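Structural characterization, general
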Amino acid sequence: MRVAVIGVQGDVEEHVIVTKKALKNLKVDGEVVATRKAGVVARSDAVIIPGGESTTISKLIFSNSIAEKILQLAYENKPVMGTCAGLILLSKHGDEQVAKTNTKLLGLMDIWVKRNAFGRQRESFQVRLNVKGIGDYDAVFIRAPAIVKAEKNVDVLATFENYIVAARQGKILALAFHPELTNDTRVHEYFLKLAFD
Ligand code: GLN
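This is a predicted model, so every value here is computed, not measured. (Residues numbered from 1 in each chain as written. Predicted model: local features only at pLDDT ≥ 70, side-chain atom pairs only at ≥ 80, totals over all residues. Heavy atoms only, no water.)

A few words now on the pairing of strand S3 (residues 46-49). Covered by surrounding structure in S3 are Ala 46 and Ile 48 together with Val 47 and Ile 49, the residues of both alternating faces. Here strand S1 (residues 2-6) pairs with S3 via 3 bridges, running parallel. Each residue of the ladder has a partner; that of Val 5, found in S3, is Ile 48. As defined by bridge partners, S3 adjoins strand S4 (residues 80-83) across 3 bridges and the pair is classed as parallel. The residue of S4 that forms the bridge with Ile 49 is Gly 82. (Buried < 20%, exposed > 50% of the residue type's maximum accessible area, 1.4 Å probe, protein only. Helix = DSSP H or I, 4+ residues; strand = E, 2+ residues; numbered from the N terminus. Pairing = 2+ DSSP bridges.)

Next up, the structure:
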């Protein structure tokens with residue numbers, strides 16, 4: 001299988017490394033490519049949108065038809081994962097910051113998102129979560145967004161401080177934290193397995 005990591009901005013290389021490890025652990029033959037090319041995204045079996053700056057990533061993916069190709073893959077029922085800024089891009093409903101910055105969203109999940117939900121005083125922190133389908137998981141949050149509301153068709157996988165911080169809708173997976181910044185490959189394994197469901 002080929003996994004594309006959208007490589008316009010953010011923690012791209014970290015996702016590539018963890019995804020490669022996860023493929024190996026699952027004994028699945030595959031390649032992982034960081035890409036800025038719509039054509040490469042179109043020929044992939046799964047896509048990851050990394051954390052970074054949602055406004056910047058949005059501009060770049062909508063200006064060169066990467067966004068269109070991600071939507072196409074999602075409609076073909078291929079797995080798409082967004083982490084942190086990637087979660088913001090997956091959502092259908094942004095907050096006032098998203099509106100103010102004119103950030104275009106992919107709208108693949110029926111969720112309401114809040115940028116920088118945990119405030120300035122807690123720019124980054126680590127916390128142990130219980131993630132449905134995975135178990136106890138030490139999650140790293142960096143200027144993280146959160147999901148404030150979700151439609152019933154969204155499966156809530158983890159919550160923290162009354163916010164939803166991990167969710168799934170079909171094969172679309174959204175995480176407020178950074179699974180690429182720890183040595184734990186379980187989130188990426190969970191994601192890759194969706195390709196075979
Ligand atoms: N605060 C960033 C945003 O709103 C997301 C932070 C991250 O991806 N680490 O785009």
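Quick look at the site of the ligand now. Every residue close to the ligand is listed here: Gly 51, Gly 52, Glu 53, Ser 54, Cys 84, Ala 85, Ile 88, Arg 115, Asn 116, Ile 142, Arg 143 and His 178. Contacts to the ligand include Ile 142, whose backbone N or O atom sits 3.2 Å from a nitrogen atom. One nitrogen or oxygen atom from the main chain of Arg 143 is found 3.0 Å from a nitrogen atom belonging to the ligand. Protein coverage of the free-state accessible area of the ligand, which is 300 Å², stands at 96%. (Near = heavy atom within 4 Å. Polar contact = N/O pair within 3.5 Å; in protein donor to acceptor, adjacent residues only side chain to side chain. Areas by Shrake-Rupley, 256 points an atom, 1.4 Å probe, with all protein chains shown as cover.)

Within this structure, the stated rule accounts for 9 salt bridges. Taking the shortest distance from any N to any O, the salt bridge between Asp 155 and Lys 132 comes out at 2.7 Å. With Asp 155 in strand S10 (residues 155-160) and Lys 132 in the loop between strand S7 (124-131) and strand S8 (135-142), the pair connects residues that are 23 residues apart, well separated along the chain. On the basis of relative accessibility, which here comes to 29%, the residue Asp 155 falls in the partly exposed class. Taking the relative accessible area as the measure of exposure, Lys 132 reaches 45% and is therefore partly exposed. (Salt bridge = Lys/Arg side-chain N within 4 Å of Asp/Glu carboxyl O.)

Residue placement: Asp 11 occurs in the loop between S1 and helix H1 (12-26). Residue classification places Asp 11 among the buried residues on the basis of a relative accessible area of 12%. Along the backbone, Asp 11 and Arg 36 are 25 residues apart, and their C-alpha atoms lie at a distance of 14 Å. For Asp 11, the residues in contact, after removing those within four places along its chain, are Pro 50, Gly 51, Gly 52, His 178, Glu 180 and Leu 181. Within the structure, the side chain of Asp 11 is placed 3.1 Å from the backbone nitrogen of Gly 51, a separation counted as a polar contact. In this structure the side chain of Asp 11 is engaged in a polar contact, spanning 3.0 Å, whose partner is the side chain of His 178. (Contact = heavy atoms within 4.5 Å.)

Before going further, it helps to examine the packing of H1 against helix H7 (residues 186-193). Helix-helix packing is described using two parameters, namely the angle between the two axes and the distance between the axes. H7 packs onto H1 with a crossing angle of 65° between their chain directions and a minimal axis gap of 9 Å. Between H1 and H7, the interaxial angle falls into the category roughly perpendicular. Taken as a pair, H1 and H7 cross one another with a handedness that is right-handed. Contact residues: His 15, Val 18, Thr 19, Ala 22, Leu 23, Asn 25 and Leu 26 in H1; His 188, Glu 189, Leu 192 and Lys 193 in H7. Residue composition of the contact of H1 with H7, by class: 5 nonpolar, 4 polar and 2 charged. (Axes fitted to C-alpha atoms, helices over the stretch in contact; angles between N-to-C directions. Parallel < 35°, antiparallel > 145°, perpendicular 65-115°, else oblique. Left-handed = near helix turned anticlockwise from the far one by under 90°. Nonpolar A, V, L, I, M, F, W, Y, C, P; charged D, E, K, R; others polar.)

So, to be careful, I would describe these as geometric facts and stop short of saying anything about function.
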